[in-house]
Amino acid sequence: MRKTPHYTTTDQAEIRRLIRENPWATYVSNASTGLVASHYPTLLEDAGDDHHGDDGDDDGDDDRGDNTAGITIVTHFGRPDDELHEVGQHEMLIIVQGAHGYISPAWYDRDDFIPTWNHVTAHLYGVPEILSDDENFAVLGKLVDHFEGRMPHPVSLDQDEQTARRIAKGTVGLRIRVTRVDARLKLSQNKSDAVRATIIEGLHGDGAYAHPALADEMERLESRE
């Protein structure tokens, strides 16, 4: 992303939250055959695992600042995406896209007529580590449990482990210890308090560009300033 210091965040708590709340990530590799992109569900690795990472509540110890140590994500690729990406041979870019949307000048002061697009986005970088079959199956189980947890009658891979393990052979588990982050919270920080309030009201409304989730991001930023 282009350098926009006014919108850049190095706050680990915000970066972790963005990953946690937007698990459908884009994985990009500059392979020997050219650029390759894939999309997969992603989790922060749990603090209780045997490896680095934290998917629990923020404890406040190391979450603020520009240190990326401790941010570890896990996912799986469907074969042969692992070969197409040449996994483990080079650094990979992971794009985590949060709320984003059009901001109309109708919400600005009268003489301000240039629209923009607000967004919260993180670019994560690291070299993937290929997991063992057992580690991969554990990650797949956690992915299912994580998303099924909201259902009234959650399913689990444990209910037919033999079949689940057979299907899991078509996937490759990955762990990526993030070595650098480029994250943006572009939320109309360059506008006045009054204009930001009007934008938030418009995003919470029922108009053509209503976007309550984006309004929530702006309000969250307001509460932290």
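Structure first, text after, so check above.
This structure is a prediction, so every number in the text was calculated from the model and none was measured.

The next subject is the overall build of the protein chain. Along the protein chain, the regular secondary structure elements total 6 helices and 10 strands. Taken over 225 residues, the protein chain has a buried fraction of 47%. Residue pairs in contact within the protein chain that sit at least 24 positions apart in sequence constitute 75% of those at least 6 positions apart. Of the roughly 12400 Å² of accessible surface on the protein chain, 51% is carried by carbon and sulfur atoms.

Before going further, it helps to spend a moment on helix H3 (residues 133-148). In this model, H3 (16 residues) spans 22 Å end to end at C-alpha, consistent with the 22 Å of a helix rising 1.5 Å per residue. Looking at H3, one finds that the buried residues are Asn136, Phe137, Val139, Leu140, Gly141 and Leu143. Summarising the contacts, the buried residues of H3 are in contact with strand E3 (34-41), strand E4 (43-44), strand E5 (72-78), helix H4 (161-168) and strand E9 (171-177).

Locating Asp81 in the fold gives a position in helix H2 (residues 81-84). Within the buried core, Asp81 has no salt-bridge partner, and the shortest N-O distance to an opposite charge, that of Arg79, equals 11 Å. Within the structure, Asp81 has its side chain in polar contact with the side chain of Tyr40 (distance 2.7 Å).

Okay, unusual backbone geometry next. Of note, the amide linkage connecting Arg79 to Pro80 takes the cis form, showing an omega dihedral of 10°. Relative to the assigned elements, Pro80 resides in the loop between E5 and H2. Positive phi values are uncommon outside glycine, yet Glu86 reaches one of about 50°. On the secondary structure map, Glu86 appears in the loop between H2 and strand E6 (92-103).

Another aspect to go through is the side chain of Thr171. Mapping Thr171 onto the fold places it in strand E9. Within the structure, the side chain of Thr171 is placed 2.7 Å from the backbone oxygen of Ala168, a separation counted as a polar contact.

Criteria and thresholds
Residues numbered from 1 in each chain as written. Predicted model: local features only at pLDDT ≥ 70, side-chain atom pairs only at ≥ 80, totals over all residues. Heavy atoms only, no water. Helix = DSSP H or I, 4+ residues; strand = E, 2+ residues; numbered from the N terminus. Buried < 20%, exposed > 50% of the residue type's maximum accessible area, 1.4 Å probe, protein only. Contact = heavy atoms within 4.5 Å. Areas by Shrake-Rupley, 256 points an atom, 1.4 Å probe, with all protein chains shown as cover. Expected span 1.5 Å × (residues − 1). Lys, Arg positive; Asp, Glu negative; His and termini not counted. Salt bridge = Lys/Arg side-chain N within 4 Å of Asp/Glu carboxyl O. Polar contact = N/O pair within 3.5 Å; in protein donor to acceptor, adjacent residues only side chain to side chain.

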